[in-house]
Amino acid sequence: MDDDQDLSTDRPAPRPGRRRRISAERRHRRTVWRVVLISQLCLALLTAGTVAVAYDRLDSGLEVQDIEDQLMNRPEKKEVEGPKEPLNILVLGTDDRGCEGCAIDGESGGGGSDTTLLIHVSADRKDAYGVSLPRDALVTRPDCMAEDGSTIPGAELAMFNTAFAEGGAACTVQTLEQLTGVLIDHYVTVDFNGFVDMVDAVGGVEVCLPKEVADPKTKIYLDAGTQVLDGEDALKYVRERSVLSANSDIGRMKRQQAFIASMVNKVVSAGTLTRPDRVYGFLKAATGSLTLDADLDSLSRLADLALQFRETGLSDIKFISVPFEAYEPDPNRLVWTDDADKLWTRIKRDKPLSPTLKEGSINAADPVGGDGGPSASPSDPTGGPDDEPSASAEPEDDAPTEQEQAEALANGLCA
């Protein structure tokens with residue numbers, strides 16, 4: 001025999017049945033993996049189908065209104081540095097009391113803009129702030145175009161919310177753009193009923209009341225202290241204007257800011273985002289009560305817009321009011337101050353709030369106290385005719401001053 005044959009005789013004889021046992025185990029493992037993979041594939045297909053159907057239904061519930069043709073002499077948007085364009089989104093809360101449980105303040109009718117919030121989002125998506133616009137502020141309302149093409153005459157010393165009453169979202173956008181020079185990229189309107197549904201969809205929102213509310217006239221009863229409000233009580237909280245706020249609409253506006261900040265905190269928290277039922281419920285509530293512009297006509301576009309906020313920390317989301325003062329001939333009315341022009345300039349330049357403008361702001365990272373302590377964002381280092389002095393960049397003390405505590409209590413917030 002040759003060497004190869006000699007070597008072969010030295011090899012141990014294979015155990016009977018070993019190769020068959022190994023093959024059987026491998027076949028078993030392969031079968032298991034096939035079952036797992038097929039199951040995952042089926043689950044993925046079923047999930048995708050369910051999500052597609054669900055989103056299809058939600059898409060069909062969206063109300064879209066194209067107002068582009070009704071807007072005239074629109075301002076140009078300044079080019080700024082950043083991976084994207086800055087966004088200016090106008091949020092309008094309508095005071096329609098026709099829905100069930102919406103006439104909680106004893107009033108009827110409505111038709112105006114009860115809450116107006118201009119949200120500015122920076123081009124790098126790392127900074128965002130909402131600016132409340134008092135509904136009773138007197139402004140020069142420009143001519144607006146109605147849906148049928150007719151002209152809605154403008155007016156001097158008109159309350160801001162009459163723009164919505166006279167010409168809806170189109171006239172409100174037209175008015176704000178003409179007054180500020182800020183281009184509005186998107187607008188959203190939401191009614192009282194939708195507000196209730198959205199609060200319930202996230203499992204309630206936390207607030208803090210400095211004192212108890214027991215108002216038989218409006219049938220609003222709320223406990224003092226920190227608590228989570230459901231949709232119905234939340235609507236009462238943001239509408240109440242006789243017990244919590246000595247300054248009526250001004251205090252109510254600040255409480256609305258605190259509530260929205262707390263709601264933002266709740267929506268982006270892990271407890272909400274990891275609950276598909278709440279996420280779906282929130283979207284369902286939102287789509288059933290929102291009216292959107294033509295550029296936000298689907299859930300995919302809304303989702304894309306929402307995903308752009310991944311780089312925005314809660315501490316970088318603030319809420320302020322446009323600088324205003326009492327209108328001297330009638331202290332029950334307000335007017336914007338000269339500092340409002342500085343605010344519009346910063347928005348157009350895509351700048352963060354200056355230290356002066358963010359005084360008393362409410363921060364989404366800690367909204368419940370309502371003292372609106374100083375923002376965690378650094379002050380803007382760039383100079384300009386409307387910027388604050390460089391000395392304002394010094395470190396800020398987080399503790400609220402006595403004045404801030406007094407203002408918080410006057411506005412119905414916990415200091």
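These numbers were taken from a predicted model, which means no experiment stands behind them.

Student: What is the right way to read helix H3 (residues 162-180) from this model?
Tutor: The α-helix advances 3.6 residues per turn, and as a result positions three or four apart in sequence lie on the same side. In this model, H3 (19 residues) spans only 17 Å end to end at C-alpha, well below the 27 Å of a helix rising 1.5 Å per residue. When the local axis directions of H3 are compared, the greatest deviation, roughly 135 degrees, occurs at Gly168. The buried fraction of H3 is high, at 15 of 19 residues. Backbone geometry just downstream of H3 places Gly181 in the positive-phi region, at approximately 75 degrees.

Student: Any chance you could explain the confidence of the model for the protein chain here in plain terms?
Tutor: When the pLDDT values of the protein chain are averaged, the result is 78; 69% of them are 70 or greater. Predicted confidence is poor over residues 1-9, with pLDDT under 50, and the contacts of this stretch with residues over four places away or in other chains come to one contact.

Student: How should unusual backbone geometry be read in this particular structure?
Tutor: Across the chain, the bulk of peptide bonds are trans and the bulk of non-glycine residues have phi less than zero. Backbone geometry places Asn73, a non-glycine residue, at a positive phi of 50 degrees. Secondary-structure assignment places Asn73 in the loop between strand E1 (63-64) and strand E2 (87-94). Judged by relative accessible area, Asn73 falls into the exposed class, the value being 69%.

Student: What is the right way to read the pairing of strand E17 (residues 330-336) from this model?
Tutor: Each regular strand displays side chains that alternate between the two surfaces of the sheet. Bridging between strand E16 (residues 324-327) and E17 involves four bridges; their strand directions are antiparallel. By the bridge assignment, Tyr327 is partnered in E17 with Asp330. The loop that links E16 with its antiparallel partner E17 comprises two residues.

Student: Is there a simple way to explain the pattern of salt bridges in this structure?
Tutor: Two side chains carrying opposite charge are able to pair once their charged atoms lie near each other. Scanning all chains against the criterion turns up eleven salt bridges. We note a salt bridge from Asp249 to Arg135, for which the minimum N-O separation is 3.3 Å. Highlighted residues: Asp249 in helix H6 (residues 249-267) and Arg135 in the loop between strand E4 (128-132) and strand E5 (138-141), separated in sequence by 114 residues. Asp249 sits in the buried class, given a relative accessible area of 19%. Of the residues examined, Arg135 reaches a relative accessible area of 15% and is grouped as buried. In this structure, Asp249 and Arg252 form a salt bridge, with 3.0 Å as the shortest nitrogen-oxygen distance. With Asp249 and Arg252 both in helix H6, this residue pair falls three residues apart, about one helical turn. One exposure class covers both Asp249 and Arg252, and it is buried. Connected through shared salt-bridge partners, Arg135, Asp136, Arg241, Asp249 and Arg252 make up one network.

Student: In this structure, what is going on with the nonpolar core? I would like to understand it.
Tutor: Soluble globular proteins: nonpolar side chains tend toward being buried together. With 44 residues, the main nonpolar core has Phe195, Val199, Leu209, Leu222, Tyr237, Phe259 and Met263 as its most contacted residues. Tallying contributions element by element places helix H4 (residues 192-201) first for this core, with six residues. Setting aside its immediate chain neighbours within four residues, Val199 contacts Gly204, Val205, Leu229, Asp230, Gly231, Ala234, Phe259 and Met263. Counting 29 residues, the second-largest nonpolar core is a separate cluster that includes Leu92, Tyr129, Leu343 and Leu353.

Student: Before we go on, may I ask you to explain empty space enclosed by the protein in this structure?
Tutor: The probe, sized like a water molecule, is rolled over the atoms to show the empty space still left. For the coordinates displayed, the defined rule picks out three cavities of 30 Å³ or more. Around the largest cavity, the lining residues are Glu76, Lys77, Lys78, Pro86, Asn88, His120, Gly181, Val182, Leu183, Ile347 and Lys348. Its residues assigned to classes, the lining of the largest cavity shows four nonpolar, three polar and four charged.

Student: What is the right way to look at the packing of H4 against helix H5 (residues 231-239) in this model?
Tutor: Helix packing geometry: the angle between the two helix axes and the distance between the axes. Packing of H4 against H5 brings their axes to within 8 Å, and their N-to-C directions diverge by 125 degrees. Between H4 and H5, the interaxial angle falls into the category oblique. Along this stretch, H4 crosses H5, giving a crossing that reads as right-handed. Facing H4, whose interface residues are Phe192, Phe195, Val196, Val199 and Asp200, H5 presents Gly231, Glu232, Ala234, Leu235, Val238 and Arg239. Along the lines of polarity and charge, the residues of the contact of H4 with H5 split into seven nonpolar, one polar and three charged.

Basis of the calculations
Residues numbered from 1 in each chain as written. Predicted model: local features only at pLDDT ≥ 70, side-chain atom pairs only at ≥ 80, totals over all residues. Heavy atoms only, no water. Helix = DSSP H or I, 4+ residues; strand = E, 2+ residues; numbered from the N terminus. Expected span 1.5 Å × (residues − 1). Bend = angle between axes of the 7 residues up to and from the residue. Buried < 20%, exposed > 50% of the residue type's maximum accessible area, 1.4 Å probe, protein only. pLDDT = per-residue confidence, 0-100. Contact = heavy atoms within 4.5 Å. Pairing = 2+ DSSP bridges. Salt bridge = Lys/Arg side-chain N within 4 Å of Asp/Glu carboxyl O. Core = buried A, V, L, I, M, F, W, Y, C linked by side-chain atoms within 4.5 Å. 1 Å grid on protein atoms, 1.4 Å probe; cavity = no way out; pocket = protein on both sides within 12 Å on 5 of 7 lines; lining within 4 Å. Points joined across faces, edges and corners; volume = space filled by probe spheres on them. Nonpolar A, V, L, I, M, F, W, Y, C, P; charged D, E, K, R; others polar. Axes fitted to C-alpha atoms, helices over the stretch in contact; angles between N-to-C directions. Parallel < 35°, antiparallel > 145°, perpendicular 65-115°, else oblique. Left-handed = near helix turned anticlockwise from the far one by under 90°.

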